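If you want the building blocks of each chain, they are given just below.
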Amino acid sequence: MKLSIRNVEPDELEGIFMHIKNDFALGEYPPYAALHRHLTTGVQKGYILQDRKKDVAYSFCAEGTGNGFVLISLLAVFKEFRGKGYGTAFLDELRHMYTSKKGIIIEVEKPEEAKTADEKTVREKRIAFYQKSGFYLVKNIDYCIWDIPMHLMILPGTGTGKIDNAEISQAIYEIYGELLGDRFIHKVRLRLLK
């Protein structure tokens, strides 16, 4: 592998958005117009992982709130390149890019909420994939976005150690406040459990 990362430009989003619609369930990604606006205004940054100048994976990250956390809102390997280690390599590259941040947050659908055994298996594999890259499941937070029950996972920044749930909760509200605005922030439901 000879990997590099390049930025997604707003004018190429239409082609990538076709992949997003195939790679994620409806409700797990923002509408095209919102994502385009996020890219244009810098609220989110899009990245393409390349191997020898060939696009192999993409990611969108929200990092602009100043709270020190980054939310990887979307991450996927293009279908023809799956199973070749690109997802793990991309996460490693993102970890190095954001090494000075307090933490990188990922949302994953809850396996316990899956409707089928196959869906549960996919969700469990996704969690294991992130755990292999150093993320841990955040316990004692009941979290739902756009009516989809999720777990939060976090990868603490270098020298950060374990992060307090209240700090994670605050970071999520700040990030989504910027992404969704006042009109839709009510779609984020988060409750700290004891």
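Here the structure is a predicted model, which means the values were calculated and not measured. (Residues numbered from 1 in each chain as written. Predicted model: local features only at pLDDT ≥ 70, side-chain atom pairs only at ≥ 80, totals over all residues. Heavy atoms only, no water.)

A few points about the packing of helix 3 (residues 86–97) against helix 4 (residues 117–132)
Logical step 1: As a packed pair, helix 3 and helix 4 sit with axes 10 Å apart at the nearest point and diverge in direction by 45 degrees. One finds that helix 3 runs oblique with respect to helix 4. By crossing handedness, the relation of helix 3 to helix 4 is classed as right-handed. Each of Gly87, Thr88 and Leu91 in helix 3 lies in contact with helix 4, whose residues at this interface are Phe129, Tyr130 and Lys132.
Logical step 2: A per-class count over the contact of helix 3 with helix 4 returns 3 nonpolar, 2 polar and 1 charged. (Axes fitted to C-alpha atoms, helices over the stretch in contact; angles between N-to-C directions. Helix = DSSP H or I, 4+ residues; strand = E, 2+ residues; numbered from the N terminus. Parallel < 35°, antiparallel > 145°, perpendicular 65-115°, else oblique. Left-handed = near helix turned anticlockwise from the far one by under 90°. Contact = heavy atoms within 4.5 Å. Nonpolar A, V, L, I, M, F, W, Y, C, P; charged D, E, K, R; others polar.)

Looking at the pairing of strand 8 (residues 148–156)
Logical step 1: The buried fraction of strand 8 amounts to 7 of the 9 residues, a majority that puts the element mostly inside the structure.
Logical step 2: Pairing of strand 5 (residues 103–109) with strand 8, which is carried by 7 bridges, proceeds in the antiparallel orientation. In the strand pairing of strand 8, Glu109 is matched with Met150.
Logical step 3: Direction of pairing for strand 6 (residues 136–137) relative to strand 8: antiparallel, over a ladder of 2 bridges. (Buried < 20%, exposed > 50% of the residue type's maximum accessible area, 1.4 Å probe, protein only. Pairing = 2+ DSSP bridges.)

Examining the pattern of salt bridges
Logical step 1: According to the stated counting rule, one finds 15 salt bridges in the structure shown.
Logical step 2: Here Asp55 and Arg6 are joined by a salt bridge, their closest N and O atoms 2.9 Å apart. With a gap of 49 residues between them, Asp55 in strand 3 (residues 54–62) and Arg6 in strand 1 (residues 3–7) connect regions that are remote in the sequence.
Logical step 3: Given the relative accessible area of 27%, Asp55 is considered partly exposed.
Logical step 4: A residue is classified by how much of its surface remains accessible, and Arg6, at 25% relative accessible area, is partly exposed.
Logical step 5: Among the ionic pairs, Lys102 bridges to Glu167, the shortest N-O distance being 3.1 Å. Of this pair, Lys102 sits in the loop between helix 3 and strand 5 while Glu167 sits in helix 5 (residues 165–184), and the two are 65 residues apart along the sequence.
Logical step 6: Classification of Lys102 by relative accessible area gives partly exposed; the value is 37%.
Logical step 7: Take Glu167: its relative accessible area is 31%, and that puts it in the partly exposed class.
Logical step 8: Sharing partners across several salt bridges, the network here consists of Glu109, Glu119, Arg123 and Arg126. (Salt bridge = Lys/Arg side-chain N within 4 Å of Asp/Glu carboxyl O.)

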